[in-house]
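Residue-level structure breakdown
Each chain, letter by letter, is given below.
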Amino acid sequence: QHPAFNNTEYKWTLDDFELGNRLGRGKFGRVYMARERSTGFIVALKTLMKVEIAKNRVEKQVMREIEIQSHLRHPNILQMLAWFHDSHRIYFVLEFAGKGELYGHLRSGHHERFNEHLAAKYLYQVTDAVNYCHNNHVIHRDIKPENLLLTITGDIKLADFGWSVHSPSLKRTTMCGTLDYLPPEMVRGQNYKQYVDHWCLGVLLYEFLHGSPPFESKKQEETYERITKLDMKFGSHISPGAADLISKLVVIKSDRRMNLTDVMNHPWVVENKVKGD
Ligand SMILES: CC(C)NC(=O)[C@H]1CCC[C@H]1Nc1nc(Nc2ccc(C(=O)N(C)C3CCN(C)CC3)cc2)ncc1C(F)(F)F
């Protein structure tokens, strides 16, 4: 929390920032690297087009993202430092993650998949962040590699609270994007609680170790089918400890999923998260 951003009364404008390279595209606009002029502090400036937000009728979602992400404070949660708007755009001033999208390091990057040390380290940090969210009555609901960023020191930042809600919830806004991470209770459109995030942590660990998610299929219906039948196979390279942890998170009955402190204390996590540091 940099001093310049502590002053909640100050009305930020685009003139307070010197825009740098484009980092990529967000859902509703571009993301730039930027420098805050008075302090030289490097940030990520995420722009959202107001017309796009109105067209997709996601105003409430954007306000919820601001409300949630600007109040959460955790070393593994990407912090929203400020936000402001002008006639055409809303701007999120976010922490800059020096090593970018974890996704890039997983699929196309130099790894096909992560070794057990990296997988355990990243899973521990994501679980710590999600546990903090749950203790603050927030369900993330969209935990997947695409929503994880890496800092210059190689630590995880959970980002994109665009789908997060205050628990418990039955938000019906149809989710777009991958179905691979949907837990059965959401496939069935049932009421769900924070346990949806436990399921996603299990799917995430599976993908870290295999390079692709457990229920991936060519056709949507087939993915649904495989989720509800828990049709999941482990590669021969998967250690018993990792398989045990995944099997205790990817559980159909939501309240039977392992609780998050037990995940962080699981022998496989404790053993592997420090190796290779
Ligand atoms: C979670 C959410 C779903 N994802 C996002 O928002 C995405 C959408 C666009 C970028 C990212 N958003 C952020 N990205 C960073 N850092 C960053 C990103 C990319 C690179 C990188 O590899 N290149 C530029 C490379 C450099 C080399 N060339 C070849 C390819 C791009 C390096 C650092 N910090 C904060 C954010 C945030 F979140 F605050 F906006």
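Since this is a predicted model, take the numbers as computed values, not measurements. (Residues numbered from 1 in each chain as written. Predicted model: local features only at pLDDT ≥ 70, side-chain atom pairs only at ≥ 80, totals over all residues. Heavy atoms only, no water.)

Notes on the overall build of the protein chain
The secondary structure content of the protein chain amounts to eleven helices and nine strands. Taken against the 2.2 N^0.38 rule, which gives 19 Å for 277 residues, the C-alpha radius of gyration of the protein chain at 19 Å falls within 12% of a compact globule. Counting only C-alpha atoms, the protein chain reaches 55 × 40 × 35 Å along its principal axes. Scored against the burial criterion, the 277 residues of the protein chain give a buried share of 50%. For the protein chain, the exposed area adds up to about 13700 Å²; of that, 51% sits on carbon and sulfur atoms. Computed over 37 positive and 33 negative side-chain charges, the separation of the two mean positions in the protein chain equals 4 Å. (Helix = DSSP H or I, 4+ residues; strand = E, 2+ residues; numbered from the N terminus. Rg over C-alpha atoms; globule rule 2.2 N^0.38 Å. Buried < 20%, exposed > 50% of the residue type's maximum accessible area, 1.4 Å probe, protein only. Areas by Shrake-Rupley, 256 points an atom, 1.4 Å probe, with all protein chains shown as cover. Lys, Arg positive; Asp, Glu negative; His and termini not counted. Charge placed at Lys NZ, Arg CZ, Asp CG, Glu CD.)

Remarks on the pairing of strand β4 (residues 80-85)
Sheet topology note: the β4/strand β5 (residues 89-95) ladder contains five bridges and is antiparallel. Looking across to β5, one finds that Trp83 is bridged to Phe92. (Pairing = 2+ DSSP bridges.)

Examining the environment of His137
Tracing the backbone shows His137 in the loop between α5 (116-135) and β6 (138-139). Taking the relative accessible area as the measure of exposure, His137 reaches 52% and is therefore exposed. On a C-alpha basis, the gap between His137 and Gln194 in space is 8.4 Å, while along the polypeptide they are 57 residues apart.

Looking at the packing of aromatic side chains
Think of a pair of aromatic rings as described by two things: how far the centres are apart, and how the planes are tilted against each other in angle. Here the structure, examined in full by the defined rule, presents eleven aromatic pairs. Taking the centre distance of 5.9 Å and the plane angle of 5° together, the rings of Phe17 and Phe84 count as stacked. Of this pair, Phe17 sits in strand β1 (residues 17-25) while Phe84 is found in strand β4, placing the two residues 67 residues apart along the sequence. Judged by relative accessible area, Phe17 falls into the buried class, the value being 3%. (Phe/Tyr/Trp six-rings, centres within 6.5 Å; stacked < 30°, edge-to-face > 60°.)

Quick word on the site of the ligand
Around the ligand there are 18 residues in total, and Val31, Leu78, Leu94, Glu95 and Ala97 lie nearest to it. The separation between a nitrogen atom of the ligand and a polar main-chain atom of Ala97 is 2.8 Å. Contact with the protein chains covers 67% of the free accessible surface of the ligand, which is 790 Å². For the shell around the ligand, the secondary-structure elements that each account for two or more residues are β1, β3 (42-49) and β5. For the shell around the ligand, the element with the highest residue contribution is β1, accounting for three residues. (Near = heavy atom within 4 Å. Polar contact = N/O pair within 3.5 Å; in protein donor to acceptor, adjacent residues only side chain to side chain.)

Section: the side chain of His140
Take His140: it is sitting in the loop between β6 and β7 (148-150). Within the local environment of His140, its side chain forms a polar contact with the backbone nitrogen of Asp142, the two atoms lying 3.1 Å apart. Among the polar contacts made by the side chain of His140, one reaches the main-chain carbonyl oxygen of Ala159 at a distance of 3.2 Å. When residues no more than four places from it in sequence are discounted, the contact partners of His140 are Asn147, Leu158, Ala159, Asp160, Phe161, Trp163, Ser164 and Asp197. (Contact = heavy atoms within 4.5 Å.)

Overview of the pattern of salt bridges
Per the counting criterion, the structure on display carries eleven salt bridges. The partner of Arg226 in a salt bridge is Asp231, with the nearest N and O atoms 2.9 Å apart. Here the salt bridges do not stand alone but share partners, grouping Arg226, Asp231 and Lys233 into one network. (Salt bridge = Lys/Arg side-chain N within 4 Å of Asp/Glu carboxyl O.)

What about empty space enclosed by the protein?
This structure, assessed with the given rule, holds one cavity of 30 Å³ or more. Volume-wise, the largest cavity comes out at about 110 Å³. Around the largest cavity sit 14 residues that line it, and Lys27, Phe28, Leu48, Val62 and Glu65 are the ones nearest its centre. Those elements that provide at least two residues to the lining of the largest cavity are β3 and α3 (59-71). Taken together, the residues of the lining of the largest cavity sort by class into five nonpolar, five polar and four charged. (1 Å grid on protein atoms, 1.4 Å probe; cavity = no way out; pocket = protein on both sides within 12 Å on 5 of 7 lines; lining within 4 Å. Points joined across faces, edges and corners; volume = space filled by probe spheres on them. Nonpolar A, V, L, I, M, F, W, Y, C, P; charged D, E, K, R; others polar.)

Some thoughts on the sheet that holds β5
Strands belonging to one sheet form pairs held by backbone hydrogen bonds; the direction of such a pair is parallel or antiparallel. Read from one edge of the open sheet, five strands run β1-β2-β3-β5-β4, paired in antiparallel fashion. Of all strands in the sheet, those with a lone pairing partner are β1 and β4, marking the two edges. Shown here is a sheet whose adjacent strand axes are inclined to one another by a mean of 25°, direction ignored. Strands β3, β4 and β5 of the sheet are contacted by α3, whose axis makes an angle of about 150° with β4. (Axes fitted to C-alpha atoms, helices over the stretch in contact; angles between N-to-C directions.)

Some words on the pairing of β5
Counting buried positions along β5 yields five of seven residues, so the element is predominantly enclosed. Two elements, β3 and β5, share seven bridges in a ladder whose sense is antiparallel. Note on β5: the bridge partner recorded for Lys46 is Phe92. Counted between consecutive antiparallel strands, the loop separating β4 from β5 contains three residues.

That's the geometry; what it means functionally is another story.
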